[in-house]
Amino acid sequence: MGLRTIKMPDIGEGVAEAEIVEWHVGVGDLVQEDQPVAAVMTDKATVEIPTPVAGQVVALGGAVGDVLPVGSELIRIDAPGLPDSSPAPPPKGVAKAAAGARDARPAEAVAAAASRPAADEEPAARSDRTAPSPPAAARAAPRGAPRPPGEKPLASPAVRLKAREAGVDLRFVPGTGPAGRVTHDDLDAFIAHPPDAPGKGGGRARNMAVETVKIVGMRRRIAQAMAESSRRVAHFSYVEEVDVTALEELRAALNARATAERPRLTVLPFLMLAIVKAVADFPEVNAHFDDDNDLLTTYGAVHLGIATQTPAGLMVPVVRHVETLGLNEASREMRRVSEAARHGTALREELTGSTITLTSLGALGGIVSTPIVNRPEVAIVGVNRIVVKPIWRDGAFTPRKTMNLSSSFDHRVIDGHGAASFIQRVRALVEAPASLFIED
Amino acid sequence: MSELSCKVLIIGGGPGGYVAAIRAGELGLDTVLVEDGRFGGTCLHVGCIPSKAIIHAADAVHALAEPAALAAIGVALAPPVLDYAKTVAWKDAIVARLSTGVGRLLDKAKVRTIRGRAALVDGKTAIAHSDTGDQRISCEHLVIATGSEPFKLAALPFGGDILSSTEALALTRVPGRLAVVGAGYIGMELGTAFAKLGAKVTIVEALPRILPLYDEELSLPVARRAADLGVDVRCGARALRFGEGALHLADADGEESAVAADKVLVAVGRRPRTAGFGLERLDLTMAGPFVRIDERCATSMRNVWAVGDVTGEPMLAHRAMAQGEMVAEIIAGRKCAFDHRAIPSVCFTDPEIVAVGLSPEAARAAHGEIVTGLFPFRANGRAMTKQDDEGFVRIVARNDNHVVLGVQAVGAGVSELSSGFALAIEMGARLEDVAGTIHAHPTQGEAFHEAALKALGHPLHI
């Protein structure tokens with residue numbers, strides 16, 4: 001027979017490893033030539049890997065969530081009529097790969113074994129591991145039919161009285177009788193082994209549900225990036241209140257004339273323009289800090305990262321060269337890249353290369369946030385919600401629309417004075433929005 | 001004024017009050033019971049017991065007066081002669097015996113009893129006015145068990161020939177023509193009984209059918225039997241006034257008519273007795289006309305409890321007794337609550353009606369999909385041998401887990417089946433539990449078994 005080993009392909013651009021995020025096939029499945037067998041994910045992109053040969057799947061090179069180096073075995077296929085490509089017998093090779101992964105991250109491997117039920121694709125080498133003890137909830141409520149919430153427990157009058165005398169709320173006692181009836185034995189067992197720490201909530205059933213999921217794919221990327229940024233960057237945050245009354249008037253006037261070609265504007269495109277102008281005066285915030293080599297690179301171009309919530313998690317698509325864009329172009333481009341990110345159609349260059357980042361939670365903006373710097377950048381500007389406040393002006397309180405800007409900086413390269421000055425410049429531009437459109 | 005103090009003071013010696021007193025005494029609580037009449041309350045003196053005695057006498061005389069039914073079993077008799085004064089004396093003897101029995105039980109439980117009229121001073125004090133003088137009683141716990149009284153109609157004030165159920169049960173002669181206003185269970189029970197005793201009975205009901213609190217499937221056999229007995233049932237009619245030997249009615253269209261009547265029994269319900277004994281001084285939270293209680297029979301005032309009809313529907317002696325017993329236990333420090341799944345209700349009409357738990361309609365509203373099984377006494381051997389195979393047993397259960405939610409029956413003697421129905425529901429029985437219980441043959445109880453089988457889709461005898 002012709003055993004063919006499909007290796008993790010070189011996805012390009014210096015990618016050294018990729019994570020398996022989905023298997024489309026299992027061991028024993030018949031596959032056609034060019035049929036996608038797996039989805040793997042690199043730093044920025046998810047790629048479908050097709051099989052170049054038809055045949056039957058003999059072995060998978062890893063489980064979902066495993067990170068495989070480029071060139072390592074991804075899948076082994078028995079392709080009749082073709083010569084063997086892999087000299088090693090399949091089980092050994094797979095076991096070796098799995099063992100290697102475990103040795104490298106023992107804690108993670110154990111966690112993976114604990115959180116996944118034994119499945120067909122589970123390498124046999126893992127079966128010798130002792131099963132982890134079940135979560136406490138499973139022990140506390142071992143038996144009994146589930147009772148829909150709000151339904152009275154079913155029990156005989158004698159059981160009800162005994163429960164009352166013992167101070168037991170029958171709603172918490174699992175019933176093993178027909179239709180979930182609580183028997184004397186059920187009650188005795190409950191009294192003998194009460195579940196720990198009864199809640200003081202006054203009659204609300206405790207929710208014993210526990211769900212453990214393996215953090216894979218995009219979520220793991222986000223986790224790693226956030227932890228890395230938090231670990232390396234000396235964050236400090238700076239919050240300033242901005243009077244956006246004039247900006248909101250301008251925006252309202254423009255939006256009153258909104259058309260399909262020129263849709264409504266949010267606050268963000270204005271801020272994009274303000275950042276472009278402010279960056280010109282404070283170039284050190286529009287920079288990358290290569291902390292491995294102690295190099296700070298400042299850029300003339302403003303490639304603005306737009307923090308975007310997508311179904312897969314937080315992504316930061318990039319609007320490139322904002323310094324070349326007008327208001328509507330900036331708005332359109334921002335909309336386009338965040339849509340692309342949300343739909344998973346963003347290109348690799350649309351997801352990399354930002355020099356400074358803008359983050360907004362929209363309607364959920366809150367009053368203050370402490371954004372995490374998108375390393376290797378050194379500054380991130382957060383937008384909070386707009387509120388109407390009484391502001392003391394010219395001897396009287398007047399209602400003004402205000403908005404906070406919550407920004408974070410990398411204190412290793414940006415000092416408080418510089419950061420504050422940059423934000424004050426942004427503020428001045430936003431408060432007098434006409435100045436956004438005046439060539440200096 | 002003499003002074004008295006106790007742990008538990010109970011106002012009212014009806015089923016709620018005297019049971020509370022007996023149980024409190026048994027539990028060693030120093031208990032005083034104040035009752036201005038005789039022990040046993042409405043139930044014993046002017047309700048359940050005397051009415052059942054009269055109904056029994058009526059059934060007995062009626063059975064002897066049914067030549068066709070007697071002939072069928074080979075009996076021929078001269079028409080019976082009823083000495084109703086004797087009937088009433090017999091009934092009174094039963095009542096007296098039971099009432100004396102209650103007094104003895106109270107003595108045995110070391111309950112101090114005071115014959116007199118109580119007037120509440122506050123939540124811990126009452127004054128008992130009696131022939132021997134006034135007594136000021138202070139207590140730690142006050143139990144209000146003052147019961148209910150017949151509802152009065154302004155158009156038909158009690159007195160003279162206009163009777164409440166109390167006076168109707170005290171009549172010493174069967175009225176020639178009796179008009180009954182209200183076709184609830186009291187009106188139907190007494191109206192039917194007097195018809196069997198020989199009265200020409202007319203029953204007037206404002207709603208479109210008799211026994212409006214029961215579903216029509218249950219009330220229909222009673223309506224049929226009343227018609228057979230010659231009872232003139234007029235539904236959708238309102239009683240306007242009584243005068244010159246006639247009860248004047250108006251039908252739904254306002255058309256007036258008159259029914260000749262020597263006596264008029266007004267049985268349009270009962271109302272809680274909440275006035276005339278100083279209850280207003282306690283300023284308790286009310287629930288409509290009733291004293292509001294929680295599931296422990298606690299009122300809005302600490303250590304003031306209320307049981308029985310004064311606390312709301314259903315106004316039934318067995319509910320009051322269960323409440324009274326429970327309150328005594330709670331005062332003694334036990335942890336109880338009125339958490340019963342069902343309170344059975346029985347109409348001693350002809351035929352009798354029993355309803356325990358939820359009707360099909362209520363069950364559907366509460367639990368969505370249900371299953372029901374109905375077994376007619378037509379297919380029950382015992383019913384045939386008793387010459388009365390009218391009626392059925394109907395069981396109502398949840399569709400998902402078959403837990404029995406309600407059982408209803410109509411038929412001769414079905415009141416005795418109510419215990420089994422209630423036990424099934426209280427124990428949380430499923431249809432399979434009832435189906436899996438051997439029911440003795442030949443009994444009417446077999447219909448319960450068969451109804452469960454029918455609900456499960458495999459009846460044996462139908």
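Criteria and thresholds
- Residues numbered from 1 in each chain as written.
- Chains lettered and ligands numbered in written order.
- Predicted model: local features only at pLDDT ≥ 70, side-chain atom pairs only at ≥ 80, totals over all residues.
- Helix = DSSP H or I, 4+ residues; strand = E, 2+ residues; numbered from the N terminus.
- Buried ≥ 20, exposed ≤ 12 C-beta atoms within 10 Å, placed from the backbone.
- Contact = placed C-beta atoms within 7 Å.
- pLDDT = per-residue confidence, 0-100.
- UniProt positions renumbered as here; feature names shortened; annotations may be inferred.
- Core = buried A, V, L, I, M, F, W, Y, C linked by C-beta atoms within 7 Å.
- Pairing = 2+ DSSP bridges.
- Axes fitted to C-alpha atoms, helices over the stretch in contact; angles between N-to-C directions.
- Nonpolar A, V, L, I, M, F, W, Y, C, P; charged D, E, K, R; others polar.
- Left-handed = near helix turned anticlockwise from the far one by under 90°.
- Arc of directions from axis to C-beta.
- Expected span 1.5 Å × (residues − 1).

A. Quick look at the overall build of chain B. Across its full length, chain B carries 14 helices and 24 strands. In chain B, which comprises 462 residues, the share counted as buried stands at 49%. Intrachain contacts of chain B at a sequence separation of at least 6 include 65% that bridge at least 24 residues.

B. Molecular detail of the confidence of the model for chain A. Within chain A, residue pLDDT values average 81, and 81% of them lie at 70 or more. Within the model, pLDDT remains below 50 along residues 87-145 of chain A, and this stretch shows 56 contacts once partners closer than five positions in the same chain are excluded.

C. Representation of the UniProt feature "binding site: FAD" (unreviewed entry) in chain B within the structure. Residue and element names in this part refer to chain B. Under the local residue numbering, the UniProt record ascribes the feature "binding site: FAD" (unreviewed entry) to K52, T146, G147, S148, D309, M315, L316, A317 and H318. Here G147 lies in the loop between strand 6 (133-144) and strand 7 (148-150). The buried category is assigned to G147, around which 26 C-beta atoms lie within 10 Å. Within the secondary structure layout, A317 lies in helix 9 (residues 317-331). A count of 22 C-beta atoms within 10 Å places A317 in the buried class. The residues contacting A317, other than those within four sequence positions of it, are P15, C43 and C48.

D. Just the nonpolar core, in detail. Formed by 154 residues in total, the largest nonpolar core has its most connected members in V143, V181, V264 and V404 of chain B. Looking at this core, the element that brings in the most residues is helix 9 of chain B, giving 8 residues. With residues near it in sequence (within four places) discarded, V143 of chain B still touches V8, I10, I11, G17, A20, W305, V307 and V327 of chain B. In terms of nonpolar packing, the next biggest core, distinct from the first, is built from 52 residues, L247, L271, I372 and V413 of chain A among them.

E. Quick look at the sheet that holds strand 8 (residues 162-163) of chain B. Residue and element names in this part refer to chain B. Strand order in the open sheet formed by 5 strands is 8-15-9-10-11, with parallel pairing between adjacent strands. Each having just a single partner strand, strand 8 and strand 11 (232-235) make up the two edges of the open sheet. Here strand 9 (residues 177-181) pairs with strand 15 (residues 263-266) via 4 bridges, running parallel. Bridge pairing links V180 to L265 in strand 15. Helix 7 (residues 185-196) rests against strand 9, strand 10 (200-205) and strand 15 of the sheet, and its axis sits at about 165° to strand 10.

F. Here's a closer look at the interface of chain B and chain A. Counting residues at the interface gives 12 residues for chain B, matched by 11 residues for chain A. Tallied by class, the residues present in the side of chain B that touches chain A amount to 4 nonpolar, 3 polar and 5 charged.

G. Here's a closer look at the confidence of the model for chain B. Residues at a pLDDT of 70 or more form 100% of chain B, whose mean pLDDT is 95. Confidence metrics for the complex model read pTM 0.59 and ipTM 0.70.

H. Structural view of the sheet that holds strand 5 (residues 46-50) of chain A. All names here are of chain A. If you trace the 4 strands from one edge of the open sheet to the other, you get 5-4-2-7, paired in antiparallel fashion. Unpaired on one side and paired on the other, strand 5 and strand 7 (67-69) mark the two borders of the sheet. Put simply, the sheet's adjacent strands are angled 40° from each other on average, direction ignored. Two elements, strand 2 (residues 17-23) and strand 7, share 3 bridges in a ladder whose sense is antiparallel. Its bridge partner being in strand 7, E19 is matched across the sheet by V67.

I. Spotlight on the packing of helix 3 (residues 48-64) of chain B against helix 5 (residues 84-108) of chain B. All names here are of chain B. Across the interface, helix 3 lies against helix 5 with an axial gap of 9 Å and an inter-helix angle of 145°. Classified by chirality, the crossing of helix 5 by helix 3 is right-handed. Every residue of helix 5 that contacts helix 3 at I49, P50, A53, I54 and A57 is listed here: T87, K91, I94, V95 and L98. The residue inventory of the contact of helix 3 with helix 5, partitioned by class, reads 8 nonpolar, 1 polar and 1 charged.

J. Structural context of the UniProt feature "domain: Peripheral subunit-binding (PSBD)" (unreviewed entry) in chain A. The feature "domain: Peripheral subunit-binding (PSBD)" (unreviewed entry), as annotated in UniProt, sits at residues 154-191 of chain A in this numbering. Secondary structure content for residues 154-191 of chain A is 45% helix and 0% strand, and the end C-alpha separation is 17 Å.

K. Structural view of unusual backbone geometry. R375 of chain A connects to P376 of chain A through a cis peptide bond whose omega is 5°. Mapping P376 of chain A onto the fold places it in the loop between strand 16 (356-360) and strand 17 (379-393). Following H441 of chain B, the chain continues to P442 of chain B via a peptide bond in cis, the omega torsion being -5°. Tracing the backbone through its elements, the reader meets P442 of chain B in the loop between helix 13 (431-435) and helix 14 (446-455). A positive phi angle, close to 65°, is found at C297 of chain B, a residue other than glycine. Here C297 of chain B shows up in the loop between strand 18 (290-291) and strand 19 (304-306). With 26 C-beta atoms counted inside 10 Å, the residue C297 of chain B sits in the buried group.

L. How the structure looks around the environment of L60 of chain A. Residue and element names in this part refer to chain A. The residue L60 is located in strand 6 (residues 55-60) in this model. On the basis of neighbour count, L60 is assigned to the buried category, with 25 C-beta atoms found within 10 Å. Considered as a pair, L60 and I75 are 15 residues apart in the sequence and their alpha carbons are 4.6 Å apart.

M. Quick peek at the pairing of strand 15 of chain B. All names here are of chain B. Residues of strand 15 alternate between two faces, with K263 and L265 on one and V264 and V266 on the opposite face, all of them buried. As defined by bridge partners, strand 8 adjoins strand 15 across 2 bridges and the pair is classed as parallel. Residue I162 lies in a different strand from strand 15, and its bridge partner there is V264.

N. Focus on helix 4 (residues 157-165) of chain A. Residues and elements named next belong to chain A. Among the residues of helix 4, V159, R160 and A163 are the ones counted as buried. The buried residues of helix 4 occupy one face: seen down the axis, they fall within an arc of 100°. Every exposed residue of helix 4 that faces more than 90 degrees away from the buried side is listed here: A158 and E165. At the exit of helix 4 stands G167, carrying a positive phi of roughly 70°.

O. Just helix 7 of chain B, in detail. All names here are of chain B. Helix length check: helix 7 (12 residues) gives 16 Å between terminal C-alpha atoms against 16 Å at 1.5 Å per residue, within 8%. When you tally the buried positions in helix 7, you get 12 out of 12 residues, the bulk of the element. Listed as buried for helix 7 are Y185, I186, G187, M188, E189, L190, G191, T192, A193, F194, A195 and K196.

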